[in-house]
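Observations on chain architecture
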Amino acid sequence: MDARSILRTKRDGGVLAREESEFFLREYVAGRIPEHFASALLALIFVRGMEQGELADWTRAMLDSGERLAFPRVELPKVDKHSTGGIGDKVSIPLTPALAACGVAVPMISGRGLGHTGGTLDKLEAIPGFRTQLSSVEFARCLETVGVALGGQTPELVPADRKLYALRDVTGLIESIPLIASSILSKKLAEGLDALVLDVKFGSGAFLVERERGAELARTMLALSQSMGVRTTVFQTCMSRPLGRKAGNALEIEESFDCLEGGGPSDLRELVCLQGGELLRLAGRAADLDAGRARIARALDDGSARAVFARVIEAQGGDPRCLDDRGLLPHARERERLTAPADGVFAWADLRELGLAITALGGGRKALGDPIDPAVGVEFLVDDGARVRRGEPVLELHHSGIGLDEARRRIAASFEVRAEHRPDPLVLTRSNA
Ligand code: URA
């Protein structure tokens, strides 16, 4: 077997055999197949796609490129969720302690924000002292003692994905359904899960904007995850408007705290209860989805989820006093309100521009490794579809003076005031078969 013949198979529309995927990824990770071969194969997969069995073999070979997490001392069912991301999506932060309060363990490996989307690790690091770069031993200790561990990908976890993702990023090969599905699921499956919920976003702030492309990704990930023996449900949910009323790292922590106190915006609470309820059902901790939702809602309302989160913050080096004293979180020096340009109905038009406005303010990064300002962001003063009057404040920027002109320009392109507008539903589909 050699790399050239594997490229020829894919070039000619063939299907990679399991041994070919294993050989290619093993040799690539070991540095014995050069980057130009790997970028050629990624481009061929991008154009040709992959059959279901071929994708399962490819994903398994990615998973086998590194270590798998194992938690022999954790007897509880292990569950996790993954979202394809967007703007204001902070669901994981209230969801993980709520799940632990309901008797399941959550070993969550998350990512950082890049381009127009935010990332859970950056949000958590807005909490003073909070550490997300945990060793495998620290990660396991947090899971054993608190029931939740919130970390980033370590060098040992799916090294094939680390190398391939970086290569896809610089060669413009991100938006491929088999490449996205194998990248996300190889990392999630390395956590040794019993149940998984996937939240595939649709709309102008999502990775894959069109509903049908999102639906195809949802179908592909569901089949792949189930073929690996993990009980899985996929939701397709709305990202044609931001989730909640705040976007920006520290602002999203504040909103997550509100949710953990039984309050906060209703769309955030709805997704936390829905996805948490479904995970409890899949893990055998709730008889059905309604019972699971009610159980999660109770954990948010009775303070038990908040109490778990205080322990998570402490276990990961953060200062849990910020739950009681929000003044301990970073706050931007300046605020500026933007107003409606006309009478009519407020409608989000291009959410990508909103995400890029936050990046311009310093709240996101243009390239991996850029520093970020956790305090900046945007607060939404009116709902998608609300009637507004000319001159009425609709958004508030939290800023430090950096990138303000670009942010104003991008925000002006992100919304419109229309004669009519029907907002998209929050949840489009739920599939588990
Ligand atoms: N997130 C990932 O981890 N991988 C992708 O390919 C896309 C989003």
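Placed above this text is the structure.
A brief look at the structure comes next.

We now examine the overall build of the protein chain. If you tally the helices and strands in the protein chain, you get 16 helices and 13 strands. Relative to the globule expectation of 22 Å for 433 residues, the C-alpha radius of gyration of the protein chain, 22 Å, shows essentially globular dimensions. Dimensions of the protein chain, computed from the C-alpha atoms along their principal axes, are close to 65 × 45 × 40 Å. Taken over 433 residues, the protein chain has a buried fraction of 57%. Only carbon and sulfur atoms are counted for the fraction: they give 48% of the accessible area of the protein chain, which is about 17,100 Å². One finds the centroid of the 56 positive side-chain charges in the protein chain at a distance of 1 Å from the centroid of its 62 negative side-chain charges.

Okay, empty space enclosed by the protein next. Which parts of space are left empty comes out when a probe the size of a water molecule is rolled across the atoms. If you walk through the whole model with that rule in mind, you get three cavities of 30 Å³ or more. By volume, the largest cavity amounts to about 170 Å³. If you go around the largest cavity, you meet 21 residues; those closest to its centre are T117, G118, I358, G363 and G364. Of all the secondary structure elements, the ones that give two or more residues to the lining of the largest cavity are α6 (120-124), α11 (249-260) and α15 (351-361). When residues in the lining of the largest cavity are grouped by element, the largest group, three residues, is from α15. Its residues assigned to classes, the lining of the largest cavity comprises four nonpolar, 14 polar and three charged. Counting only domains with at least three residues in the lining of the largest cavity, you end up with domain 2 (79-325) and domain 3 (329-418).

Right, let's talk about the pattern of salt bridges for a bit. Tallying each qualifying case throughout the model produces 42 salt bridges. The partner of E27 in a salt bridge is R32, with the nearest N and O atoms 2.8 Å apart. On the accessibility criterion, R32 (55% relative accessible area) is exposed. D324 is paired through a salt bridge with R306; the nearest N and O atoms lie 2.9 Å apart. Here the residue D324 occupies a position in the loop between α14 (304-315) and β7 (334-339), and R306 occupies one in helix α14, the gap between them amounting to 18 residues. A relative accessible area of 22% means that R306 is categorised as partly exposed. Counted as one network, the salt bridges with shared partners bring together D258, E261, R306, D324 and R326.

This next bit is on the site of the ligand. Residues in contact with the ligand, as listed here, are Y165, R168, I180, S183, I184, K187 and F207. Take R168: an N or O atom from its side chain is 2.9 Å from an oxygen atom of the ligand. Between K187 and the ligand, the recorded distance is 2.4 Å, taken from a side-chain N or O atom to an oxygen atom. Here the ligand, which alone exposes 240 Å², has 87% of that area covered by the protein. Breaking the shell around the ligand down by element, the ones donating at least two residues are α8 (159-171) and α9 (177-189). The dominant element in the shell around the ligand, judged by the number of residues it contributes, is α9, at four residues.

This part takes up the sheet that holds strand β1 (residues 79-83). Ordered in space as β1-β4-β5-β13, the four strands form an open sheet in which the pairing is mixed. Every other strand in the sheet has two partners, leaving β1 and β13 (427-431) as the edge strands with one partner each. Ignoring strand direction, the axes of neighbouring strands in this sheet form an average angle of 15 degrees. Note that strand β4 (residues 195-202) and strand β5 (residues 231-238) share eight bridges and pair parallel. Paired with L196 across the strands is T232, a residue of β5. Set on the sheet, α9 makes contact with β1 and β4; between it and β1 the angle comes to about 160 degrees. Against the sheet, helix α10 (residues 211-227) contacts β4, β5 and β13, and its axis sits at roughly 170 degrees relative to β5.

In this section: helix α2 (residues 18-29). Taking 1.5 Å as the rise per residue, α2 with twelve residues should run 16 Å; its terminal C-alpha atoms sit 17 Å apart, in good agreement. Those residues of α2 not exposed but buried are E20, S21, F23, F24, L25, E27 and Y28. Those residues of α2 that are buried are in contact with α1 (3-11), α3 (35-48), α4 (52-63) and α8. Note on α2: the residue one or two positions beyond its end, G31, has a positive phi of about 85 degrees.

The rules behind the values
Residues numbered from 1 in each chain as written. Predicted model: local features only at pLDDT ≥ 70, side-chain atom pairs only at ≥ 80, totals over all residues. Heavy atoms only, no water. Helix = DSSP H or I, 4+ residues; strand = E, 2+ residues; numbered from the N terminus. Rg over C-alpha atoms; globule rule 2.2 N^0.38 Å. Buried < 20%, exposed > 50% of the residue type's maximum accessible area, 1.4 Å probe, protein only. Areas by Shrake-Rupley, 256 points an atom, 1.4 Å probe, with all protein chains shown as cover. Lys, Arg positive; Asp, Glu negative; His and termini not counted. Charge placed at Lys NZ, Arg CZ, Asp CG, Glu CD. 1 Å grid on protein atoms, 1.4 Å probe; cavity = no way out; pocket = protein on both sides within 12 Å on 5 of 7 lines; lining within 4 Å. Points joined across faces, edges and corners; volume = space filled by probe spheres on them. Nonpolar A, V, L, I, M, F, W, Y, C, P; charged D, E, K, R; others polar. Domains from an automatic or database assignment. Salt bridge = Lys/Arg side-chain N within 4 Å of Asp/Glu carboxyl O. Near = heavy atom within 4 Å. Polar contact = N/O pair within 3.5 Å; in protein donor to acceptor, adjacent residues only side chain to side chain. Pairing = 2+ DSSP bridges. Axes fitted to C-alpha atoms, helices over the stretch in contact; angles between N-to-C directions. Contact = heavy atoms within 4.5 Å. Expected span 1.5 Å × (residues − 1).

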